[in-house]
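# Descriptive analysis of the structure
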Amino acid sequence: MTTDTRFVYDPATAVDPLGDAEKEAEKATKYNRAKVGSGRPSSLLYTYGPGAIMDLPQFTIMPTGLDDWDRIWRRRDNPPEIRAPRLRDVVAKLLRSRDVRLRPHPNQAKKISFSTEGNDLGVPARVFPQWMRCTGCDMLGSLSQFAYTNTHPFRADLACFEHAKCTGRAGNRSRKPVRRTAVPARYLLACVDGHLDEFPYDEWVHHWSPCPNAEFPALKMVDRTAGKGASAVIGCESCGTRRPMNEAQGEAGRAKLPGCRGRHPHLDAFEPNGCRNETRLMLVGASNLWFPATQSIIVMPESQQETTGDLAVRIRTVLGTRLAKYADDLDTLRDVLEGKPGSPPDLATIPDDKLAQAVAAALAPGESDEELDRWREDWDPVDLLVPEWQYLLKDPLGLRHEDEASGLTLSRRERDPSLRPQITRVLAVERLRKVNALVGFTRIDDMDRVGDLSRRLVPLARAERPAWTVATEDRGEGVFLQLDESAVAEWEAKVERDPVWLAHREAHRRNFERRFSETAKVVDPDTRLRPPRYWLVHTFAHVLIREMAMKCGYSAASLSERLYAWPETDSRPAAAGLLICTTASDSDGTLGGLVQLSEPERLERVVSGALYRAQRCSSDPICAMRTPQDAEDFLHGAACHCCAMASETSCERANRFLDRRFLVDLPGSGLGFFGRVD
């Protein structure tokens, strides 16, 4: 475990709410432990991870960096880990941390509702932003100027900050001061490198000069038209100066804002070398405030290389520099490892030859930073899908073939004679495990819209090489369909010459140049455009999700796609297939309704119904003939929310790269892979 740090911070300000409660308990001081909110593991990974702003009923908070989470996990002698060697290896390279581990969120399920186990665990967070506005008198001030109230142990929505002596607005003053709720002031400053800071209201209203009448001026934020951008007006009661926030909007307003200070509030630290970027005005609830950078896999049976690598990491993490001392004495090595936190649980059953291989791998030098830089430049996330595709191409050994290590349970399904011949193979995925890991996040631009992700990716911890990162483990079921590769290749060659595909290609180029980050100028847009077979498989997955949702017992938002669609290259074989699955992090997610649709007759009816419905849309003929023309830059064709688009939880590409014309023949188009459906 490495201890090198990139950021300097003050340990006295570290966030440790549970530790603070214990200190107060030792002093026999009454301490309020009432909850202020909660979140599901999936939301804490994809929406409200470290550095994001989470809305609570009365105020907002920001989950802190993983360094502060360590204080929580130290309450357990052996924190749990999520086993996924293939994903862990990729995460280790992305984070430049050779021995990084995957851990869940600090949480423990309760046996009964009122039991106390797990009360000493939780995700640490700090109130952010820390400028508040009184809803009674519009007073604008820092957090210390407001009183915190949280008394009911089962009513998190009652926790709030209050202005204890509010007298109301001018013209409606109350004779007696009353307590009024305070809400977060909703303006922030952000830069393209992921820094985030409070808006300097005091300096803004005085045009970057001190108030002439008071060292600590009394500020007010008057906001009567919420929802219409930066509509508030900041006023100084001490000197009478007023300045509207809309002056900070747009390109013209950017020149009036201060430069970036390089602040990372989730780490309670600043960039060591500072930041030279301009800042942008950002609202607390903006959708581009936090974009997670995640990687995920369907856990497949491990190869010998993966097993050896995982064992090597465990041995190296536990022994550290002492490994060389015991490397040649395996019996002593076993004795030293026995019972240590993080040691392999089945150490006694590992043969000497495999243990020796793991020790040798643990002693081997790691990759240099230069080698990791080259790997990151060449690495494609599709590489994580290749082992899954290759394993799913193998026929399972009998009915309900289960791999004990991964839990993956597969069954081969016979094809119904009436099933479309383009679908060559069907698997019932009766049980699966999906692991998702967070490696960082970006602000302002999504991770696939930048050209220098290594610089734009905001770290999750102060350590330069973190010892672990947060991950979630989902379980569920699914149906896998494989398409005929020869038919797909022939169809793809035809589509690539068609004017419809050329129009999509030009629209993607325009979209890339207009909407992508400034740092993506050196990137060829065609390298980010998905091939025609991806559009085909993607559209097919969406119409199947719509049809399956009406028959399997799960809602459409509960079903998700995993697409295997890429042409052949020197490093990987061609793929054309899809997995429709449902997963959940807090239950097994295997009710069986989706797997039942893989039975021959049922699947034939589902596929036929999906393709038949795909031929018609309530927005036709407008939808069926939609093709991006010059100056238009949308990334879909004959697809809309009436026919092919899916919910955000189902689609891996935010409803981009969809076109029904590539799936079935529509009026005026003969590009459909499945042709005309009667």
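It should be noted that the structure appears before, not after, this text.
This report concerns the structure included in the present document. (Residues numbered from 1 in each chain as written. Predicted model: local features only at pLDDT ≥ 70, side-chain atom pairs only at ≥ 80, totals over all residues. Heavy atoms only, no water.)

## Thoughts on the pattern of salt bridges
Following the criterion strictly, the structure yields 48 salt bridges and no others. The residue D310 makes a salt bridge to R314 at a minimum N-O spacing of 3.2 Å. Here D310 pairs with R314, and both are found in helix 7 (residues 304–319), just four residues apart, close to one helical turn. Across the pair, R314 and D310 agree in class, each one buried. Among the salt bridges present, the one from D659 reaches R661, with a minimum N-O distance of 2.9 Å. Overall, D659 belongs to the buried group, its relative accessible area being 0%. (Salt bridge = Lys/Arg side-chain N within 4 Å of Asp/Glu carboxyl O. Helix = DSSP H or I, 4+ residues; strand = E, 2+ residues; numbered from the N terminus. Buried < 20%, exposed > 50% of the residue type's maximum accessible area, 1.4 Å probe, protein only.)

## Here's the deal with the pairing of strand 2 (residues 60–63)
A regular strand places its side chains so that they alternate between the two faces of the sheet. Of the two faces of strand 2, both are covered, the one formed by T60 and M62 as well as the one formed by I61 and P63. Note that strand 1 (residues 54–55) and strand 2 share two bridges and pair antiparallel. In the sheet register, D55 faces strand 2, and the bridge partner there is T60. Where strand 1 folds back onto strand 2 in an antiparallel hairpin, the turn is made up of four residues. (Pairing = 2+ DSSP bridges.)

## Notes on the sheet that holds strand 10 (residues 187–190)
With respect to topology, three strands assemble into an open sheet ordered 11-10-17, the strand pairing being antiparallel. Of all the strands in the sheet, just strand 11 (196–198) and strand 17 (280–283) have a single pairing partner and so form its edges. Strand-to-strand, the axes of this sheet are offset by a mean angle of 40°, without reference to chain direction. Where strand 10 meets strand 17, four bridges bridge the pair, whose relative direction is antiparallel. Bridge assignment links L189 to a residue of strand 17, and that residue is L281. (Axes fitted to C-alpha atoms, helices over the stretch in contact; angles between N-to-C directions.)

## Looking at the pairing of strand 18 (residues 291–298)
The buried count for strand 18 comes to seven of eight residues, which makes it a mostly enclosed element. For strand 18 and strand 21 (residues 423–442), the ladder comprises eight bridges, and the chain directions are antiparallel. Along strand 21, the bridge assignment pairs T294 with L438.

## Some points on helix 10 (residues 352–363)
With twelve residues, helix 10 extends 16 Å between its outermost C-alpha atoms, agreeing within 8% with the 16 Å of an ideal straight helix rising 1.5 Å per residue. Listed in full, the buried residues belonging to helix 10 are L355, A358, V359 and A362. The buried residues of helix 10 occupy an angular sector of 100° when the element is viewed end-on, so they sit on one face. Those residues of helix 10 that are buried are in contact with helix 7, helix 8 (323–326) and helix 9 (330–337). (Expected span 1.5 Å × (residues − 1). Arc of directions from axis to C-beta. Contact = heavy atoms within 4.5 Å.)

## Considerations on unusual backbone geometry
The residue after F128, namely P129, is reached through a cis peptide bond having omega -5°. With respect to the secondary-structure elements, P129 resides in the loop between strand 4 (125–127) and strand 5 (131–134). Of the consecutive residues D620 and P621, the connecting peptide bond is found in the cis state with omega at 5°. Relative to the assigned elements, P621 resides in the segment after helix 18 (600–614). Non-glycine residue D138 carries a positive phi angle of around 70°. Relative to the helices and strands, D138 resides in the loop between strand 5 and strand 6 (139–142). A positive phi angle is found at I444, which is not glycine, with a value near 70°. Its place among the elements puts I444 in the loop between strand 21 and helix 13 (453–456).

## A short note on the sheet that holds strand 4
Hydrogen bonding along the main chain pairs the strands of a sheet, whether they run parallel or antiparallel. Pairing is antiparallel across the open sheet formed by three strands, whose spatial order is 1-2-4. Both edges of this open sheet fall to strand 1 and strand 4, since each of them pairs with a single strand only.

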